[in-house]
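Listed below, chain by chain, are the residues.
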Number of protein chains: 2
Amino acid sequence: MKENMNILIIDDEVQIRRLLEISLSAYEFNTFFAENGKQGLVAAATHHPDLILLDLGLPDMDGLELLVRLREWYTKPIIILSVRNSEEDIVNALDKGANDYLTKPFRSGELIARIRVAIRSGEERKDTPSLEFGDLSIDMINHVVRKSGDIVKLTSTEFSLLALLAKNSGRVLTHQFILKEVWGYGYLEQTQYLRVFIAQLRKKIEDNPANPVLLITESGIGYRFGN
Amino acid sequence: MKENMNILIIDDEVQIRRLLEISLSAYEFNTFFAENGKQGLVAAATHHPDLILLDLGLPDMDGLELLVRLREWYTKPIIILSVRNSEEDIVNALDKGANDYLTKPFRSGELIARIRVAIRSGEERKDTPSLEFGDLSIDMINHVVRKSGDIVKLTSTEFSLLALLAKNSGRVLTHQFILKEVWGYGYLEQTQYLRVFIAQLRKKIEDNPANPVLLITESGIGYRFGN
DNA sequence: GGGCGGATATAAAGATTTTGTAAAGAACCT
DNA sequence: AGGTTCTTTACAAAATCTTTATATCCGCCC
């Protein structure tokens, strides 16, 4: 498991939040909280937690609706905590994208174990040894990039950036996300780095750096690798 | 979901097996059975089921030990069914590689839902869910729009607008509502923006922009996507 | 049918924001 | 020290947003 997973807890009962904060932090999970649905959506979107614990009984909106809204973009585990224990409620929540469902009162040891299961199942279970895109090959293990067989000399930052984009080829990665992954949280505002390094990468791997086909700009959003 | 998943049920009680056979086959799961641990290991190794339902109380060996032995090579979901419901048993099983744990007696609808969750989580999530309308696909998560497979280059505002309309396909959205959602509250009167951007979108995604079939004008009210 | 008025469509010019590029300075290795 | 890599700066280039202008459509009244 990665160090320190961030868990968002969406629950209006202060006792539950207190309890979860204590029991989860004992297992080195970072916790943060939202007291209602609106806050929950915002918190999830801004912090991108590794897992969400969601109470179905929220003051401002139906928990199931919140689940659906979250699942429009949030792909990591969501575990439901609820007093409702009818079969209908449980089946509904699970079918709408919840990964697990515990009825309150729950046993905190069991919750922790189920959190571990959810995180485990969501983990990358693929170490891609190498990626190929036309005449470009990226060897993830040895950190070597070749263009039509010839080794392209990249600095380690350049490699991280290229590898990140290539691993997610076809999807748009936001500036923030790239900066976070490659440089770390302290660099979320250094979008100029990105421009400089993207330009350098283009010079090294694009046939025509002025007309990139691999490293595509999505203006106002971020970058995308390939199609 | 793929067609016909094969589920191995390891349980010594004949009534449970009967019950599971009936309820699972109603959902088009193929079932096959083992009455004890030894049979279970063999059946799993020979048939490579897509999922295993495992009772912890087996006549010939401890269910937990069987779980551990299975997990030495078996990577697909294992769901525990057991009368034991102490926290210790549950945590133990989950930590030893079980994906879920239901205590007997269980509700069969819930079991089915949890089976679906387990299968879903094990599936490749390479292809993210995307909205499809004829030859147009809108991938909300990856922020990519394709027309007959080719990526359509949209600005982020154009994408937000299209995504909003597509998410509500078939419904008429008022000018006000669209402006509020895409541009924010300060722009409720800029209906001209809408005209400009709708026209741009039509040029990009309609076969014949002058005769739109996707982005429909509802004169005096707003716009509607499709149907 | 013709004309009027409100609403919509489209192109294109201007303004603004975002991105690309080169290059100089700082920091970081051996 | 010498070379490499990272960081910063400055300016050019491109993309996007906003505004304006003009054309088109459509229902309605006479």
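Rules used in this analysis
- Residues numbered from 1 in each chain as written.
- Chains lettered and ligands numbered in written order.
- Predicted model: local features only at pLDDT ≥ 70, side-chain atom pairs only at ≥ 80, totals over all residues.
- Heavy atoms only, no water.
- Salt bridge = Lys/Arg side-chain N within 4 Å of Asp/Glu carboxyl O.
- Buried < 20%, exposed > 50% of the residue type's maximum accessible area, 1.4 Å probe, protein only.
- Contact = heavy atoms within 4.5 Å.
- Buried area = accessible area lost by both parts, 1.4 Å probe.
- Phe/Tyr/Trp six-rings, centres within 6.5 Å; stacked < 30°, edge-to-face > 60°.
- Domains from an automatic or database assignment.
- Helix = DSSP H or I, 4+ residues; strand = E, 2+ residues; numbered from the N terminus.
- Expected span 1.5 Å × (residues − 1).
- Near = heavy atom within 4 Å.
- Polar contact = N/O pair within 3.5 Å; in protein donor to acceptor, adjacent residues only side chain to side chain.
- Nonpolar A, V, L, I, M, F, W, Y, C, P; charged D, E, K, R; others polar.

Caption draft 1: How the structure looks around the pattern of salt bridges. Under the defined criterion, the tally for this structure stands at 37 salt bridges over all chains. Put simply, Glu218 of chain A and Arg224 of chain A hold a salt bridge, and the shortest N to O gap is 2.8 Å. A single burial state applies to Glu218 of chain A and to Arg224 of chain A, both of which are buried. The salt bridge involving Asp89 of chain B is made with Arg84 of chain B; its shortest N-O contact spans 3.8 Å. Asp89 of chain B gets classed as buried once you look at its relative accessible area, which sits at 19%.

Caption draft 2: Molecular detail of the interface of chain A and chain B. Taken residue by residue, the interface counts 37 residues in chain A and 37 residues in chain B. Summed over both partners, the interface of chain A with chain B comes to about 3,000 Å²; 43% of that surface belongs to carbon and sulfur atoms. Seen at the junction of chain A and chain B, the total is 5 salt bridges. Of the charged contacts in the structure, one is a salt bridge between Asp95 of chain B and Arg116 of chain A, with a shortest N-O distance of 2.8 Å.

Caption draft 3: Structural view of the packing of aromatic side chains. Residue and element names in this part refer to chain A. All chains considered together, the criterion is met by 9 aromatic pairs over all chains. Considering the side-chain rings of Tyr187 and Tyr193, the 6.1 Å spacing of their centres and the 50° angle between planes classify their relative orientation as tilted. Judged by its relative accessible area of 34%, Tyr187 is partly exposed. The exposure class of Tyr193 is partly exposed, given its relative accessible area of 33%. Members of the aromatic cluster, each reached through a chain of ring pairs, are Trp183, Tyr187, Tyr193 and Phe197.

Caption draft 4: View of the domain arrangement of chain A. Partitioning chain A into structural domains gives domain 1 (6-124) and domain 2 (130-225). Spacing between the C-alpha centres of domain 1 of chain A and domain 2 of chain A amounts to 34 Å.

Caption draft 5: Structural context of helix 5 (residues 108-122) of chain B. Its 15 residues give helix 5 of chain B an end-to-end C-alpha distance of 21 Å, which sits within 8% of 21 Å, the value for a rise of 1.5 Å per residue. Buried within helix 5 of chain B we find Glu110, Leu111, Ile112, Ala113, Arg114, Ile115, Val117, Ala118 and Ile119 of chain B.

Caption draft 6: Spatial organisation of the protein's contact with DNA strand C. Around DNA strand C, the surrounding shell holds 23 residues, and the nearest of these are Thr217 and Tyr223 of chain A together with Thr217, Gly220 and Tyr223 of chain B. Sugar and phosphate atoms constitute 63% of the interface atoms of DNA strand C, taking the interface as everything within 4 Å of the protein. At 2.8 Å from a base oxygen of DNA strand C is found a side-chain nitrogen or oxygen belonging to Gln192 of chain A. Of the residues belonging to the surface near DNA strand C, the class tally is 6 nonpolar, 10 polar and 7 charged.

Caption draft 7: Fine view of the protein's contact with DNA strand D. Inspection of the region around DNA strand D gives 20 residues, with Thr155, Thr157 and Tyr193 of chain A together with Thr157 and Tyr193 of chain B positioned closest. Expressed as a percentage, the sugar and phosphate content of the atoms of DNA strand D within 4 Å of the protein is 81%. Tyr193 of chain A places a side-chain nitrogen or oxygen 2.9 Å from a phosphate oxygen of DNA strand D. At the level of secondary structure, the elements contributing two or more residues to the surface near DNA strand D comprise helix 8 (191-205) of chain A together with helix 8 (191-205) of chain B. Residue classes in the surface near DNA strand D are distributed as 10 nonpolar, 9 polar and 1 charged.

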